[in-house]
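# A look at the structure
Next come the chains, spelled out residue by residue.
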Amino acid sequence: MLNNVRAAITSHIETLLELGEPVDITQSKIVALQANPEHAGGIWALVTSTLKSSIANRENACICARR
């Protein structure tokens, strides 16, 4: 299920940048995200993605995939 997550995140952010769309990357504590009912039952993974963009050289993203 998580095999292509890194490529999907990188592709999504790079596409937003190419289109001139805003990219909002925020940091949250995992316990706060897990406590959010909207994320109940999610699968959590820490993904490191190297972005070749003007906003970051390296970003970490916490992904919640709903079952």
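This one's a predicted model, so the numbers in the text were calculated from it and none came from an experiment.

As a further point, take the overall build of the protein. A tally of regular secondary structure across the protein gives two helices and two strands. Going residue by residue from the N terminus, the α and β elements of the protein occur as α-α-β-β. The buried share of the protein, taken over its 67 residues, is 18%. Taking the contacts inside the protein whose residues are at least 6 apart along the sequence as the reference set, 47% of them involve residues at least 24 apart.

The next subject is helix 1 (residues 5–18). Under the 1.5 Å per step criterion, the end-to-end length of helix 1 is 20 Å for 14 residues, consistent within 8% with the ideal 20 Å. Buried within helix 1 we find Val5, Ile9, Thr10 and Ile13. The arc that holds every buried residue of helix 1, seen down its axis, measures 130°, which confines them to one face. For helix 1, the exposed residues lying more than 90 degrees away from the buried face are Ala7 and Glu18. Once helix 1 ends, the next one or two residues include Gly20, with phi positive near 75°.

A word on the confidence of the model for the protein. Here the protein shows a mean pLDDT of 75. Residues at 70 or above account for 70%. Here strand 2 (residues 59–65) stands out as the element of the protein with the lowest mean pLDDT, 51, in contrast to helix 2 (residues 30–35), whose mean of 87 is the highest.

Right, let's talk about the side chain of Thr10 for a bit. For Thr10, the location among the structural elements is in helix 1. Here Thr10 falls in the buried class, since its relative accessible area comes to 14%. Of the polar contacts made by the side chain of Thr10, one reaches the backbone oxygen of Arg6; its length is 3.0 Å.

Cut-off values and rules
- Residues numbered from 1 in each chain as written.
- Predicted model: local features only at pLDDT ≥ 70, side-chain atom pairs only at ≥ 80, totals over all residues.
- Heavy atoms only, no water.
- Helix = DSSP H or I, 4+ residues; strand = E, 2+ residues; numbered from the N terminus.
- Buried < 20%, exposed > 50% of the residue type's maximum accessible area, 1.4 Å probe, protein only.
- Contact = heavy atoms within 4.5 Å.
- Expected span 1.5 Å × (residues − 1).
- Arc of directions from axis to C-beta.
- pLDDT = per-residue confidence, 0-100.
- Polar contact = N/O pair within 3.5 Å; in protein donor to acceptor, adjacent residues only side chain to side chain.

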